[in-house]
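Per-entry structural report
The primary structure of each chain is shown beneath.
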Amino acid sequence: MRKAPESGFTERFIPRETDFAEVVQLGRYYNESNERTRTLIASIEEKQKRLATAELNALKAQLRPHFLYNVLNDIKSMAKLGRNKEIVQMVVCFGQLLRSSISNEDEFYTLSEEIDLISKYITMQNLRGLRPIKLKLEVPAELEDAKIPRLLLQPLVENATIHGFHEESDPVILVRVRREENGMEFVVADNGCGIDEENRLKLMNEGVFHEGIGIKNIQQRLKLYYGDGGILEIESKKNMYTVIRIRIPTEAVC
């Protein structure tokens, strides 16, 4: 009976010819109990799997309208200004973004696809002409085929472009990826207005302190995909910079 939990309740009592009838009967009850326990565990695991899938689908559905709303709002603003040439470029770029981020239902895609999505998003932002954003990419070629959750980094870049900079700033966003001993590290950093300590803690604990869903959504998806192995950390200094680091474990890296 002590061995049962260690064996995943697969340990069985096998009676011997010399066993008393009461011992044989007890052993039979023990085997039946183990079978019921295994069935119950399998049922709970299946329910948890279905729940996690449902939560992931809800989170992905959350991302799509959020992303689409921001882009369509940009196009509307440009239309009001009569910037027809830029609108054409924006729509072409938007179509490419839709193909790569919306039409494919896979939960994971390659790092190179995520970087391409980020590059297109920055191109779209720069077409608006408010303030040019410089994108710096430090992504080793050997990691480009690694599989990561869809829209893992793009919402962080989007948050930086929308909330991260003063109007008079010269914005720079860095996206850096590197392999670590136990997995991969992703960094999205900007030289913007930063976050004070109170709001940094609020962002870490609640996932949001301004309007938007990026951080909270990513935190929840990391938890569902990797459990305690998916880590998101925020470092920031007011009026200087914000650095967001994401780590995922080795077994999750293809």
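Let me begin by describing the structure that accompanies this report. (Residues numbered from 1 in each chain as written. Predicted model: local features only at pLDDT ≥ 70, side-chain atom pairs only at ≥ 80, totals over all residues. Heavy atoms only, no water.)

**Brief notes about the overall build of the chain**
Tallying secondary structure elements over the chain gives 7 helices and 7 strands in all. Burial statistics for the chain: of 254 residues in total, 39% are counted as buried. In the chain, the share of contacts with a sequence separation of at least 24, taken over all contacts with a separation of at least 6, comes to 69%. Carbon together with sulfur atoms contributes 53% to the accessible area of the chain, which is approximately 14,800 Å² in total. (Helix = DSSP H or I, 4+ residues; strand = E, 2+ residues; numbered from the N terminus. Buried < 20%, exposed > 50% of the residue type's maximum accessible area, 1.4 Å probe, protein only. Contact = heavy atoms within 4.5 Å. Areas by Shrake-Rupley, 256 points an atom, 1.4 Å probe, with all protein chains shown as cover.)

**Some words on the packing of helix α5 (residues 154-163) against helix α7 (residues 214-226)**
Between α5 and α7, the least distance of the axes is 9 Å, while the angle of their chain directions is 165°. Of the possible angle classes, the one that applies to α5 and α7 is roughly antiparallel. In the packing of α5 onto α7, the handedness of the crossing is left-handed. From α5, P155, L156 and N159 reach across to α7, where they touch G214, I215 and I218. When its residues are assigned to classes, the contact of α5 with α7 shows 4 nonpolar, 2 polar and no charged. (Axes fitted to C-alpha atoms, helices over the stretch in contact; angles between N-to-C directions. Parallel < 35°, antiparallel > 145°, perpendicular 65-115°, else oblique. Left-handed = near helix turned anticlockwise from the far one by under 90°. Nonpolar A, V, L, I, M, F, W, Y, C, P; charged D, E, K, R; others polar.)

**With respect to the environment of P15**
If you trace the backbone, P15 turns up in the loop between α1 (3-6) and α2 (21-80). Distance in space between the C-alpha atoms of P15 and R28 is 8.9 Å, their sequence separation being 13 residues.

**Notes on the packing of helix α4 (residues 111-127) against α5**
When two helices pack together, their arrangement is captured by the angle between the axes and the distance separating the axes. It is the contact of α4 with α5, at a shortest axis distance of 9 Å, that shows an interaxial angle of 20°. It follows that α4 is roughly parallel to α5 by the angle criterion. Crossing handedness for the pair α4 and α5: right-handed. Together, E114, L117, I118, Y121, I122 and Q125 of α4 and Q154, V157, E158, T161 and I162 of α5 make up the contact between the two elements. Class assignment for the residues of the contact of α4 with α5 results in 6 nonpolar, 3 polar and 2 charged.

**Section: the pairing of strand β7 (residues 241-249)**
Pairing of strand β5 (residues 183-190) with β7, which is carried by 8 bridges, proceeds in the antiparallel orientation. Counted as the bridge partner of F186 is I246 from β7. (Pairing = 2+ DSSP bridges.)

**Considering the layout of surface pockets**
Where empty space is left can be seen by rolling a probe of water-molecule size over the atoms. The volume enclosed by the second largest pocket comes to roughly 280 Å³. Surrounding the second largest pocket, 14 residues form its lining, M1, R2, A4, F13 and Y30 being those nearest its centre. Counting only elements with at least two residues in the lining of the second largest pocket, the list comes to α1 and α2. (1 Å grid on protein atoms, 1.4 Å probe; cavity = no way out; pocket = protein on both sides within 12 Å on 5 of 7 lines; lining within 4 Å. Points joined across faces, edges and corners; volume = space filled by probe spheres on them.)

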